[in-house]
Amino acid sequence: MSPADFLIWRFRQIISMNASLGYGIRSILIIQMKYIGDVTLTSALTRNLRLAYPQASVTMLCAPGLKQFIVAQGIADVAIGFQSGGRGRTLGKRLTDYYAVISALRGQKFDLSIELTDTKTSRIMHRLTGAPLRVGFDPPERPFKFWEIQMANVLAAPFGHGGSHYLYRYLSPLGALGLAVQDPTPRLQPTKIAQEECARLLSQSGLAKKSYVAVHAGAGSEGRCWPPQHFAAVIDEVYAKTGLRSLLVGGPDERPVAQSIVETATSPVASVVGKASLEVLVASLAEAAIFLGNDSGPMHVAASVGTPAVGLFGMQSPDLWGPFVVPNKTLRPSLPCPCIAPGVCKEYNPGAVYCVQRLQVAEVAEATLDLIGEVRKSAHSGMPAAS
């Protein structure tokens, strides 16, 4: 064993001993500046950290729009919003923002920081937080350039710990810290206030609990979106064969897609797109009979509240990003495929290809109806019987 290997081995021994006794770790920082789906998966990591370090407070550095959601769901005790991209800000403004957030983080004197975003910016910020224990992926998802150095001093397995699903990548820091994964399942819980608002919205739409399909037709990128007219066709077939109506969910920027579905469908379709907060989205998905949607954050939120899901995928593999644990159906066109968007698809970017649009209405409708049938057979589904 080389001197460097011995130091790493001894270091992990000390970490493991401290972890088992709960000593020394009083303040933890999680750097997770990605999307709602990533934050939902990260909830499993923070829950396991709380089990290992019950006296520690957890802070998350996140996208600004997720601060309230993260705290309301108990994913972290404190959430600090930070916009890492340019988005119209001048260089001076960006530098000012960087300085302010790094100063705030350094002032909290974290004992442990875990960097999950895995970008050049987040790695640098990770080092500048000053935490004595800094967990990062090695090698990172985006390889280091020749001038870059590893900013973490505790190294986590890069491709997950315990399974192929991306969730296990976010759980991997536990292994690097010498901690066992006590519960790998992401779980969210609707708040009382969100449940009350959800009940109001459902009442306005004439919907009862477990009597509707929650449909999310948006995604983080255009390439992951199945066409709205196809969703409308499936919605109509589900209503005709099961009597279940559909409730469209999504953010304000997805209103045009929702409107297109409402105008195309011949069956009654309700929509809360752009009307509900992320906390209310959790409650709405928890009350749904099943979820139908693209490979996106709401699919993971639905799974985290135990709602069976139908997920539509393109180049992205369901094995990596599918609904976790809950009964589900995932559909993906055969690959490699004849490109339906030559000159537009970016072959090496799963979010910028249009493969999902090759899925046929008939196969999606069949999978959705099959899942509804399976759920109806469950003694505790709460779903009304077929009409």
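Residues numbered from 1 in each chain as written. Predicted model: local features only at pLDDT ≥ 70, side-chain atom pairs only at ≥ 80, totals over all residues. Heavy atoms only, no water.

Attention now goes to the overall build of the protein. Regarding its fold elements, the protein presents 13 helices and twelve strands. Looking at the protein residue by residue over its 387 residues, the buried ones come to 51%. (Helix = DSSP H or I, 4+ residues; strand = E, 2+ residues; numbered from the N terminus. Buried < 20%, exposed > 50% of the residue type's maximum accessible area, 1.4 Å probe, protein only.)

Moving on, we come to unusual backbone geometry. Aspartate 138 connects to proline 139 through a cis peptide bond whose omega is -5 degrees. Among the structural elements, proline 139 can be located in the loop between strand 5 (133-137) and strand 6 (154-156). Residues other than glycine seldom take positive phi values, yet lysine 109 does so here, at roughly 50 degrees. Positive phi outside glycine occurs at aspartate 118, with the angle close to 60 degrees. In this fold, aspartate 118 is placed in the loop between strand 4 (112-115) and helix 5 (120-128). Judged by its relative accessible area of 3%, aspartate 118 falls in the buried class.

In total, this model carries five aromatic pairs according to the counting rule given. A ring pair is formed by tyrosine 166 and tryptophan 321, whose centres lie 4.3 Å apart and whose planes are at 20 degrees; its orientation type is stacked. Of this pair, tyrosine 166 sits in the loop between strand 6 and helix 6 (167-176) while tryptophan 321 sits in helix 12 (residues 318-321); the two residues are 155 residues apart in sequence, bridging distant segments of the chain. Exposure remark for tyrosine 166: the relative accessible area of 9% places this residue in the buried category. Pairwise contacts between aromatic rings join Tyr166, Tyr170 and Trp321 into one cluster. If you follow arginine 169 out to its NZ or CZ, it ends over the ring of phenylalanine 137, 3.9 Å from the centre. (Phe/Tyr/Trp six-rings, centres within 6.5 Å; stacked < 30°, edge-to-face > 60°. Lys NZ or Arg CZ within 6 Å of the ring centre and 35° of its normal.)

Strand order in the open sheet formed by six strands is 9-8-7-10-11-12, and the pairing between neighbours is parallel. Looking at strand neighbours, the two that pair on one side only are strand 9 (269-271) and strand 12 (328-331), the edges of this open sheet. For this sheet, the mean inter-axis angle between neighbouring strands, taken without regard to orientation, is 20 degrees. (Pairing = 2+ DSSP bridges. Axes fitted to C-alpha atoms, helices over the stretch in contact; angles between N-to-C directions.)

The six strands lie next to each other as 3-2-1-4-5-6, forming an open sheet whose pairing is parallel. Taken across any chain shown, the strands that pair with only one partner, and hence form the sheet edges, are strand 3 (78-81) and strand 6. Sheet twist, expressed as the average angle between the axes of neighbouring strands with direction ignored, equals 20 degrees. When strand 2 (residues 57-62) meets strand 3, the two strands line up parallel, connected through four bridges. Following the sheet pairing, cysteine 62 is matched in strand 3 by glycine 81.

The next point concerns the side chain of asparagine 48. Following the sequence through the fold, asparagine 48 ends up in helix 2 (residues 36-52). Taking the relative accessible area as the measure of exposure, asparagine 48 reaches 1% and is therefore buried. Among residues more than four places away in sequence, those in contact with asparagine 48 are Leu171, Leu174, Ala180, Val181, Gln182 and Asp183. (Contact = heavy atoms within 4.5 Å.)

For the protein, mean pLDDT is 89; residues scoring 70 or higher make up 89% of the total. The model gives residues 17-22 a pLDDT under 50, and that stretch makes seven contacts with residues more than four places away or in other chains. (pLDDT = per-residue confidence, 0-100.)

The next thing to look at is the packing of helix 4 (residues 91-107) against helix 5. In the contact formed by helix 4 and helix 5, the axes pass within 9 Å of each other and the chain directions differ by 40 degrees. Relative to helix 5, helix 4 is oriented oblique. Note on packing geometry: the crossing formed by helix 4 with helix 5 is right-handed. Touching Tyr98, Val101, Ile102 and Arg106 of helix 4 are Thr121, Met125 and Leu128, all from helix 5. (Parallel < 35°, antiparallel > 145°, perpendicular 65-115°, else oblique. Left-handed = near helix turned anticlockwise from the far one by under 90°.)

Attention now goes to the environment of leucine 174. When you line up the elements, leucine 174 lands in helix 6. Residue classification places leucine 174 among the buried residues on the basis of a relative accessible area of 0%. For the pair leucine 174 and alanine 156, spaced 18 residues apart in sequence, the C-alpha to C-alpha distance is 8.1 Å. With sequence-adjacent residues up to four places away left out, leucine 174 is seen in contact with Leu45, Asn48, Leu49, Leu179, Ala180 and Val181.

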